[in-house]
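# What the coordinates show
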Amino acid sequence: MYNYTNNLFVDSPSGERRPSFMAPLGQSSTQMALRGGVLELECIAEGLPTPEVSWYKESGDLPSSRMSFHNFQKTLKIADVMEADAGDYRCTAKNSLGSAHHTIKVNVKAAPFWISAPRNLILAPEETGILTCRVSGDPKPQIAWSVNGVPIKDSPKDTSRKVEDDTVILSDVQTGSSAVYQCNASNEFGYLLANAFVNVLAEAPRVLTPPNNVYQVITNNPAFLDCASFGSPIPAITWFKDSQTSILNRDPYVIHNNGTLEINVAQSLNSGKYTCIASNNLGTRENHVYLEVKEPTRILAQPEYMVVQRNRKAVFECKVKHDPTLIPTMNWLKDNGELPDDERFLVDTDSLTINEVTEEDEGTYTCVMNTTLDQDSASAMLTVVEATPTPAIVYEEPDPPTDLELTDQRERSVQLTWIPGDEHNSPTQKFLVQYEDLLHQAGVWHNLTEEEGTKTTAHLDLSPYAYYSFRVLAVNHVGYSQPSRPSRQYRTNPAAPDVNPTDVHGVGTEHNNLVISWKELTGLQSNGPGLQYKVNWRQKDVEEDWLSETVANTSKYVVSGTPTFVPYEVKVQAVNDYGNGPAPEAVVGYSGEDVPMSAPESVQVLVQNGTLAEVHWEPVLTSMVRGRLQGYKVSYWRERSLHQAEAQQEEQQVLLFSGNRTDGRLPGLKPYSLYTLNIRVVNGKGEGPPSPNHNFETPEGVPGPPSFLRIKNTDMDSLTLEWGPPQDNNGRLTGYTLKYQPVNSSNELGPVEEMMFPANETTVILADLKYSTRYKFYFNAKTIKGSGPTITEEAVTIMDEAFIQQPIVDVFKVRPIGPAFTNVNSSVVGEEGAVISWEYFGPDKNVYVEYIVENSKEDWTKECVNGSSGSQTHLIKGLKPGTSYRVRLVVKDHSEATIHSTEELVITLPEAMKSDQVDLATQGWFIGLMCAIALLILVLLIICFIKRNKGGKYPVKEKEDAHQDPEIQPMKDDDGTFGEYRSLESDTEDHKPLKGSRTPSNGTVKRDDSDDSLVDYGEGGDGQFNEDGSFIGQYSGKKEKDTHEGNESSEAPSPVNAMNSFV
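Parameters at a glance
- As a convention, each chain's residues are numbered from 1 in the sequence order in which they are written.
- In view of the model being predicted, local features appear only for residues whose pLDDT reaches at least 70, and side-chain atom pairs are presented and counted only at 80 or more, with totals across whole chains, interfaces and linings using the full set of residues.
- Side-chain measures here rest on the full set of heavy atoms in the structure, leaving out hydrogens and waters.
- Labels follow the DSSP assignment, with helices taken as runs of H or I lasting at least four residues and strands as runs of E lasting at least two, numbered in each case from the N terminus.
- The classification of residues rests on relative accessible area computed with a 1.4 Å probe and restricted to protein chains. Under 20% of the type maximum is buried, over 50% is exposed, and intermediate values are partly exposed.
- Note on contacts: a residue pair is in contact if any heavy atoms of the two residues lie within 4.5 Å.
- Areas reported as accessible are Shrake-Rupley estimates using a 1.4 Å probe. Residue values count occlusion only from the protein chains shown.
- By definition, two strands form a pair when at least two bridges between them are found by DSSP.
- Between the first and last residue of a helix there are one fewer steps than residues, each counted as 1.5 Å, and that sum is the expected span.
- Both cavities and pockets are sets of points on a 1 Å grid over the protein atoms alone; in a cavity a 1.4 Å probe fits but cannot get out, in a pocket the set is open with protein on both sides within 12 Å along at least five of seven lines, and lining residues sit with an atom within 4 Å of a point.
- Grid points are joined across faces, edges and corners, and a volume is the space filled by probe spheres set on the points.
- Only a pair of cysteine sulfur atoms within 2.5 Å qualifies as a disulfide here.
- In this classification, the charged set is Asp, Glu, Lys and Arg, the nonpolar set is Ala, Val, Leu, Ile, Met, Phe, Trp, Tyr, Cys and Pro, and all remaining amino acids, among them Gly, are polar.
- Patch membership requires over 30% relative accessible area and the absence of a salt bridge. Like charges are linked within 9 Å, and nonpolar side chains (Val, Leu, Ile, Met, Phe, Trp, Tyr) within 5 Å.
- When a carboxyl oxygen of Asp or Glu lies within 4 Å of a side-chain nitrogen of Lys or Arg, that pair is called a salt bridge.
- Counting rule applied: Lys, Arg positive; Asp, Glu negative; His and chain ends not counted.
- Charge positions are represented by NZ for Lys, CZ for Arg, CG for Asp and CD for Glu.
- Think of it this way: a Phe, Tyr or Trp ring, Trp meaning its six-membered ring, pairs with another when their centres are within 6.5 Å, and the plane angle makes it stacked under 30 degrees, edge-to-face over 60, tilted otherwise.
- Cation placement over rings: the criterion is NZ of Lys or CZ of Arg within 6 Å of the ring centroid and within 35° of the ring normal.

A word on the overall build of the chain. Regarding its fold elements, the chain presents 6 helices and 78 strands. By residue count, 37% of the 1063 residues in the chain fall in the buried class. In the chain, the share of contacts with a sequence separation of at least 24, taken over all contacts with a separation of at least 6, comes to 63%. Counting every atom, the chain has about 62200 Å² of accessible surface; 49% of that belongs to carbon and sulfur.

Structurally, the position occupied by Gln525 is in helix α1 (residues 523–526). For Gln525, a relative accessible area of 34% puts it in the partly exposed group. On a C-alpha basis, the gap between Gln525 and Asp498 in space is 7.4 Å, while along the polypeptide they are 27 residues apart.

Another aspect to go through is the sheet that holds strand β44 (residues 467–475). The strands that make up a sheet are held in pairs by hydrogen bonds between backbone atoms, and each pair lies either parallel or antiparallel. Across the sheet, 4 strands lie side by side as β42-β41-β44-β45; this open sheet has antiparallel pairing. One side of each edge strand has no neighbouring strand; the edge strands of this open sheet are β42 (441–452) and β45 (490–491). Here β44 pairs with β45 via 2 bridges, running antiparallel. Within the sheet, the bridge partner assigned to Tyr468 lies in β45 and is Tyr490.

What follows is about the sheet that holds strand β33 (residues 329–334). One open sheet accounts for 5 strands, arranged β30-β38-β37-β33-β34; its pairing is mixed. Unpaired on one side and paired on the other, β30 (306–309) and β34 (337–338) mark the two borders of the sheet. In this structure, β33 lies alongside β34, joined through 2 bridges in antiparallel fashion. Looking at the pairing, Leu333 lines up with Glu338 of β34.

With 26 residues, helix α3 (residues 924–949) should cover 38 Å at 1.5 Å per step; its first-to-last C-alpha distance of 38 Å lies within 8% of that length. Among all positions of α3, only Phe926, Ile933 and Cys944 are buried.

Under the definition given, this model contains 1 cavity of 30 Å³ or more. Estimated volume of the largest cavity: approximately 30 Å³. Contributing to the lining of the largest cavity are Ala834, Tyr851, Ile876, Leu879, Tyr885, Val887 and Ile907.

Bringing the pairing of strand β39 (residues 402–407) into the picture now. One ladder, built from 4 bridges, connects β39 with strand β40 (residues 413–419); its direction is antiparallel. Note that in β40 the partner of Thr407 across the bridge is Gln415. Hairpin connection of β39 to β40: 5 residues between the antiparallel strands, including Asp408 at a positive phi of 50 degrees.

Applying the stated criterion across every chain yields a total of 4 disulfides. The disulfide that involves Cys43 links it to Cys91, with 2.0 Å between the sulfurs. Given an S-S torsion of about -75 degrees, the disulfide between Cys43 and Cys91 has left-handed geometry. Placement of Cys43 in the loop between β3 (39–42) and β4 (44–48) and of Cys91 in strand β8 (residues 87–95) is noted, with a sequence separation of 48 residues between them. Both residues of the pair, Cys43 and Cys91, count as buried. Sulfur-sulfur distance for the disulfide between Cys227 and Cys276 comes to 2.0 Å. One quick way to see it: the torsion about the S-S bond of Cys227 and Cys276 is about 65 degrees, and its sign makes the bridge right-handed. You can see Cys227 sitting in the loop between β21 (223–225) and β22 (229–232) and its partner Cys276 sitting in strand β27 (residues 272–280), a full 49 residues away along the chain. For the pair formed by Cys227 and Cys276, the shared burial category is buried. With its bonded cysteines labelled in order along the sequence, the chain shows the pairing 1-2, 3-4, 5-6, 7-8.

Further remarks concern the layout of surface pockets. Taken as a whole, the second largest pocket spans an internal volume of roughly 890 Å³. Lining the second largest pocket we find 31 residues, and of these Ser772, Val796, Thr797, Val835 and Thr873 sit closest to its centre. Sorting elements by how many residues they give to the lining of the second largest pocket places strand β75 (residues 870–876) first, with 6 residues. Residues that form the lining of the second largest pocket fall into these classes: 11 nonpolar, 16 polar and 4 charged.

Pro49 follows Leu48 through a cis peptide bond whose omega is 0 degrees. Looking at the secondary structure, you find Pro49 in the loop between β4 and β5 (52–57). Omega for the bond connecting Asp138 with Pro139 falls within 30 degrees of zero, at 0 degrees, which places this linkage in the cis form. Looking at the element boundaries, Pro139 is found in the loop between β12 (134–138) and β13 (142–147). Positive phi is not limited to glycine here, since Asp80 has a value of about 50 degrees.

Once that is clear, we can look at the environment of Ala111. Inspection of the secondary structure puts Ala111 in strand β9 (residues 98–116). For Ala111, a relative accessible area of 27% translates into the label partly exposed. With 77 residues separating them in the primary sequence, Ala111 and Leu34 have C-alpha atoms 7.4 Å apart. Excluding residues that lie within four positions of it along the chain, Ala111 makes contacts with Ser136, Gly137, Asn187, Phe189 and Gly190.

With that settled, the discussion passes to a nonpolar patch on the surface. Together, Leu935, Leu938, Val939, Ile942, Ile943 and Ile946 make up a nonpolar patch on the protein surface, roughly 540 Å² of accessible area in all. By secondary structure assignment, the location of Val939 is in helix α3.

In this fold, Lys294 is placed in strand β28 (residues 283–294). Residue class for Lys294 comes out buried when judged on its relative accessible area of 8%. If sequence neighbours within four positions are ignored, Lys294 has contacts with Gln216, Val217, Ile218, Thr219, Asp323, Thr325, Leu326 and Leu373.

Turning our attention to a negative patch on the surface. Judged by side-chain charge, Glu396, Glu397, Asp399, Asp422 and Glu423 come together as a negatively charged surface patch. By the secondary structure assignment, Glu396 is in the loop between β38 (375–385) and β39. Using a relative accessible area of 36% as the deciding quantity, one classes Glu396 as partly exposed.

Quick look at the packing of aromatic side chains now. If you walk through the whole model with that rule in mind, you get 19 aromatic pairs. Taken together, a centroid distance of 5.3 Å and an interplanar angle of 40 degrees make the contact between Trp723 and Phe757 tilted. Here Trp723 is found in strand β62 (residues 719–726), whereas its partner Phe757 is found in strand β64 (residues 753–757), with 34 residues between them in sequence. Phe757 sits in the buried class, given a relative accessible area of 8%. Through a chain of ring-to-ring contacts, three or more aromatic side chains come together here, namely Trp723, Tyr736, Phe757 and Phe779. The ring of Tyr848 is capped by Lys862, whose NZ or CZ atom sits 4.7 Å from the centre of that ring.

Okay, here's the thing in structure tokens:
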């Protein structure tokens, strides 16, 4: 082994030394690598300064694409090793004192690898085939052949088989000599094994290409027509086109070995039907395919380079010619990418439009026309420049058209032409053609038709018997032009009417007539002179002839002497001196109505409840209605309450039930009442006679609310309630129900008390109430049907006089009193409180008590109070003793605006009473005593710890006594209820412990949560510790014991308990 330790300090006194190699040793070494593997060369050098290592190959360049350096270039790795990687590799270690070199000679060996593996053979009988197994490797591989898994040298001799190293020659094979040949090539680094199946087969030809394939190709491109075949011997392929003779291997045709026919440069004349024939000595097969040579796609009008001002429009054209049998697809690209997703880019069939161009739109735009066979493209650049100022464009209405001419004049039509006027920078949108009829309405122009702004001709349909003049108006974005000069007059000849009057109706105005009305024709519709109207009528469903009358210059005709409300068929026809109008259609009308002759019968009332009843009746015969039935009118009224003997008839109520009804409902009745009703039938003429009056009674219902509830004689623990009976008893009163409950200062409700009273009582005195407490009362009346609506009131009992001081009140008016408040008073409660009382009768619920220190500039303090109507009180707490406050009541709406406000009350609180008590915690003697006790407790605790470390015993009983906490009492009594609170009078300062005291009344000390020990969790007998403090026993007893067990312990008291007793 090389000893480099002795050379550490040879080169220089400072420890620097020349590089030397620790591995590999010597000047050179040899390393072998396998082809395809990874070559790893390593040189480890030492020296000071640390040498740098570099590599190079003496016989060539390092393979940069397959090599990598590692470990600070100490390691060179070459992947996928090749034969060319063999050679001498030199690593050099160099520092400032010199360099060292080592050469590694690399030899590359190779496991066998294929040059040409044997392939499967299909041979026909008497054919010759060759199997080749060519491999390479280093060292050269040995090749061994086998047949069907048996080495050839051990297989039966076959004269048709000859083996020459890596080649097997099969000559004049016969049917039945099919076999599997294996080639095994091996050297010391591996082996290769390949199988080749030799199939001796006699098979007639088969064409594998599907029949009637259609091949499409673009002109001047090569075309390939397939004719894949199978057979043994291998079939010979021959091609024919249409009915021509055989195609030879001559221009423009080439027949490949696999049977494919190639046409080097296809032309349209090459289109047609091609037939391929596969034949061998066993038969012949043919197949037909078709070739279509298409015209190429070409861009005729390419997009051009454009320079466009910003915010203007850019249009690129791209007109394309393509084969009509191919479907083209146009795509536009910007800088070889997709167009931006922007609605400003509009793609048409042969153009791209970019509206309102910006600088971001600059670039190269390419139109690409694709078909299923080819494509063509063209590009152009777009440059966007700043817009140059242009003079302001003035937009005005167009000038009127000129030179109106009438051509193609016919009986009912004419053609009008004109010349447009100046558009004034706004394109004409449409032309409006108007006419004037000088015969019927001279001086009045009517709209006839409209034409698009690009047209200058209009075909006009005309009416007979009119003297026409025409004019034209042009319309653009600004507005209408002035009318053109009228055309020359054009007259049309008279004719019979084309239309009849419209809106024909037949309605009677009296019980014995029929009024036939219609809408007259206009002069232009008359079509000629002598316009009249032929009126026809007859009774419907009656066998009789039409009656008629001809009238003129009117729009109605009255037929008299008709039966009442009978259907008639009527029609009106227009006639003039030149003939009659078209045959009119008949419409149905009715002669006049008369009031009904009879009343509904069999009236019955079914009372549903105290407020609803159903009424039923027999309908009136149609003949007695004598008109169009409108419905039935029910009139009903309340005669009296069943409480009252005398009638007190109320206002009559009327309900109309439309149509041919036979029943209806009467809502809104009052319970326990007597009602009367009658029914009439109604038609278009009026009402018929009433039916006989029918009486019915409604049953009892729940009563209305008591008429009032008053609170009087309020005292400390009692008050008086007075009430009045309901205005609507709705039955026989059975009594009253009173519920009441206290309300605390936070508007929380207490328990409810309930009382019942007979119907003849109107007052009650409530006793045993709490003083200075607000109560809410709920009061309603009852009948046998149930309780009626509840009314509520609130009241406050008077406070104990011992806690009320007479207020020092200075009242002065600031603003007018709000109309919603009365009886506003105040009183002082103690040194920090005041009670405000009032009566409120307003509808708004946002009521507040506001107060502020007198002469203060701060904001008012606001407290929300109960907004119910009636008497209310509110206690203001936390006021400063000896301070005067201004107090007021306000009502606000939802926007916090003040609606009502009371006068301001000035309330002055009394000065705080001086206390003669001395704060014990500030006395010096008390502080000294507490310090002494704390020091004594500390000393006792130290003694306990010392004793414990010496192995002393602490009985569990004593431990529990020391840790008892009598202050931890159950939250509830045995009956599960909370204990009652003591009154304020019984709580005095003498019964409270000192602030911060931890000593309970029985002298025990509560155990700190941190004083946990094994004593509390033991399960055995007395625990012991040996001299080193280790635990040697178990404690007995439970961690939790009853309270009486701790008090009855007979063990000596602990030092802690002793100290607590002392204190």
